[in-house]
Each structure stands twice: as C-alpha cells, then as structure tokens.
Amino acid sequence: MAALVALPVAPSVGRTRLDPRPMSPIEPMVSWVVRSRSSVAPAAVGPADVVVLSGCDATRLSRAVALTAAGLRVVAVGSIQAARAALVPGVGCLVVDRRAPDGDALALVDELYRTEGAPSVVVVTTHESERERVESLVAGAEDVVPPQISARELVARVRRLAAPPPSTPCRREPPRLTVGRVTIDQDRRSVRVDGTEVALSPTQYQILVSLVVERGRAITVRALFDRCWDTHQDQASCAVRTQITRLRRALRGAVEISCVRGEGYRLAAAEG
C-alpha cells in the first residue's frame, strides 16, 4: 500500500504526558507538516505519482493525505523552488496553488509545458475568476479547479491525469490508427510521426484520437470538450483552441487540423 513517506517526526511535537486523549495514527505527521515549510521527502523506491505544491501547511497536508489514501505516492512541498526539485522524471501529476509563497506558479506551469515528458498539471485557483482559469489553461494546465474542491473530486481528477487508463474513448476502433505520417498505438497510448514518438499531454492525445476516428468529418468544439475534458467550464472554446494549437505544433505538420467555420475542427492527412 502506498504511503506518504519519509516524514520526520520531532519527538517534542504532539501531546504532553498529561493529555489523556489518545493520539491518532496521523497526528505526529500532521503536527510536523504544520510546523515545517520544507518538503515531504520522496521515497527511495521511485518517483512520486503526484507532487503537491501549496504554501498553506494545512491545505498541503490535507491534499497529500487524501491522495495517499487513494494509493498514490505523494511528495508535498511549500514553494516553487522545492517543486522544481521534486519534479523528477516519472512524476505523473503536479497539483499546484497558483499563488505560491515564492511567486506565481504559472511560470512553473509554462516551464513544464515546454519540457518533454513533463507531468500533467492541475491548477487550484479562484473559481470565480474567469481570467485566472483561462490564464491557467493557456499556460498549459490540464485542469483548473477551485480551492473548495472536495478531496474525493480532487483524487478522481488527479488519478485520471497521473495514471490514465489504458482504454480510450474509441474502444471499438482497432488498437493501431494511422493517418498520413501519424501512427497511434492505443494499447501503449503512444503517438509517432514518421516513426519517431512525440510527447502529447493526455488531453492532446484524446483530441487526436477523436479527430482521427472522425477523419473527414468535423467535430464541434463542444463535442471535443465533452470527450476530452472531465470538467465543465465556460471557456470551452478557449481551452479547445489552445490545445489544438499545441497539438498542431507537436505533430509538426504531419496532419492537417482545420477549423471549419460554424462546425468545429476536422483532420486530414497532410498533402505530400
């Protein structure tokens, strides 16, 4: 069973000998994290599944405990600098408060987007602020959630991004799809252009598969959003447009993804 690992517990932290109440199993961990701003060190058995970045000790702890209880290996940090150190190859997801003690975490999100093999990102930002949600999506976040998100919902969203299921929404399609110079292996969830694997985010992969399956026919923005995102936001068109732009860039012209006015997007093999 996965656990929140390598948590140093100061002997002086906790109940006094005069306190008759029993100590809960996680109380030493709670006491230490609330008193300390350093990170929860990763296990020696391999990279964490999730890195949690929050400047609030109690928030950082509650998210880490919820994700750990779901079977994920978690590293919790309190600064952007510590998050950079914790994001080693193999980490599947970063859950980040946009307002970090050492700056705006969108700079880190944008940096990760430009890094091949980087983890998916869930940004926690003010739910009422449309501007912040859009900025987070444009910077490269896969999901944007409000601070009041429940532990259950956060776990569901993170598990989808940290370890996406092997199946795809196009379950009746053959395991290997080919269009033009692009080959998709649905069993491995990999995409190759001219035989060379390209790095796509889970959302970009889902968009590509949906377009390839419907090749020759346009898919509306709302249909793409419903198939490829598991959240409902007012800025569906902005989110889809941003990911389509990045998908085109990643595929380097191997296919043509065209915008059909009034209908949506359509995919075709590139000429030549």
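Residues numbered from 1 in each chain as written. Predicted model: local features only at pLDDT ≥ 70, side-chain atom pairs only at ≥ 80, totals over all residues. Heavy atoms only, no water.

Novice: Describe the packing of aromatic side chains, with residues and values.
Specialist: Within this structure, the stated rule accounts for zero aromatic pairs. Over the aromatic face of Tyr113 sits the side chain of Arg246, whose NZ or CZ is 4.0 Å from the ring centroid. (Phe/Tyr/Trp six-rings, centres within 6.5 Å; stacked < 30°, edge-to-face > 60°. Lys NZ or Arg CZ within 6 Å of the ring centre and 35° of its normal.)

Novice: Tell me about the side chain of Arg98, residues and numbers included.
Specialist: Note on placement: Arg98 falls in the loop between strand 3 (93-97) and strand 4 (99-100). Separated by 3.0 Å, the side chains of Arg98 and Asp104 make a polar contact. When near neighbours in sequence (up to four residues on either side) are disregarded, Arg98 contacts Gly103, Asp104, Ala105, Leu106, Val123, Val124, Thr125, Glu132, Glu135 and Ser136. (Helix = DSSP H or I, 4+ residues; strand = E, 2+ residues; numbered from the N terminus. Polar contact = N/O pair within 3.5 Å; in protein donor to acceptor, adjacent residues only side chain to side chain. Contact = heavy atoms within 4.5 Å.)

Novice: A description of the pattern of salt bridges should follow, citing residues and the corresponding values.
Specialist: A side chain of one charge can pair with a side chain of the opposite charge if their charged atoms are brought near each other. Here the structure, examined in full by the defined rule, presents 15 salt bridges. The partner of Asp143 in a salt bridge is Arg157, with the nearest N and O atoms 2.8 Å apart. Of this pair, Asp143 sits in strand 7 (residues 143-145) while Arg157 sits in helix 6 (residues 151-162), and the two are 14 residues apart along the sequence. Side by side, Asp143 and Arg157 carry an identical accessibility label, which is buried. (Salt bridge = Lys/Arg side-chain N within 4 Å of Asp/Glu carboxyl O. Buried < 20%, exposed > 50% of the residue type's maximum accessible area, 1.4 Å probe, protein only.)

Novice: Go over the sheet that holds strand 6 (residues 120-124) with me, naming the residues and quoting the values.
Specialist: Reading across the sheet, the five strands line up as 2-1-3-6-7 and stay open at both edges, with parallel pairing between neighbours. What marks the edges here is a single partner per strand, and that holds for strand 2 (74-77) and strand 7. Within this sheet the neighbouring strands show an average axis-to-axis angle of 15 degrees, counted without direction. Taken together, the three bridges between strand 6 and strand 7 define a ladder with parallel strand orientation. When the bridges of strand 7 are listed, Val124 appears paired with Val145. Set on the sheet, helix 2 (residues 57-69) makes contact with strand 1 (50-53), strand 2, strand 3 and strand 6; between it and strand 2 the angle comes to about 175 degrees. (Pairing = 2+ DSSP bridges. Axes fitted to C-alpha atoms, helices over the stretch in contact; angles between N-to-C directions.)

Novice: I'd like to hear about the sheet that holds strand 11 (residues 196-198), residue by residue, with values.
Specialist: In sheet architecture, strand pairing relies on hydrogen bonds along the backbone and comes in two forms, parallel and antiparallel. The strand order across the open sheet built from four strands is 8-9-10-11, with neighbouring strands paired in antiparallel fashion. Both outer strands of the open sheet, strand 8 (176-179) and strand 11, are each paired with one neighbouring strand and no more. When strand polarity is set aside, the average angle formed by the axes of neighbouring strands in this sheet is 30 degrees. Both strand 8 and strand 9 (residues 182-185) contribute to a ladder of four bridges, which runs antiparallel. Paired with Arg176 across the strands is Asp185, a residue of strand 9. Along the sheet, helix 7 (residues 202-213) contacts strand 8, strand 9 and strand 10 (190-193); its crossing angle with strand 9, the most-contacted strand, is approximately 110 degrees.

Novice: Can you lay out unusual backbone geometry for me, pointing to particular residues and giving the numbers?
Specialist: Comment: phi is negative for the bulk of residues other than glycine, and the bulk of peptide bonds are trans. The residue Asp194 is not glycine, and still its phi comes out positive at about 55 degrees. Tracing the backbone through its elements, the reader meets Asp194 in the loop between strand 10 and strand 11.

Novice: Please provide a residue-by-residue account of the nonpolar core, values included.
Specialist: Counting 54 residues, the largest nonpolar core has Leu94, Val182, Ile184, Val191, Leu208 and Leu251 as the members making the most contacts within it. Among all residues touching Leu208, those that are not within four sequence positions of it are Val182, Ile184, Val191, Leu200, Leu247, Leu251 and Leu267. Counting 19 residues, the second-largest nonpolar core is a separate cluster that includes Val95, Val124, Leu154 and Leu161. (Core = buried A, V, L, I, M, F, W, Y, C linked by side-chain atoms within 4.5 Å.)

Novice: Which residues make up helix 8 (residues 221-228), and what are the values?
Specialist: Every buried residue belonging to helix 8 is among Leu224, Phe225 and Cys228, and all of these are buried. Seen along its axis, helix 8 keeps its buried residues to an arc of 100 degrees; they face one direction. (Arc of directions from axis to C-beta.)

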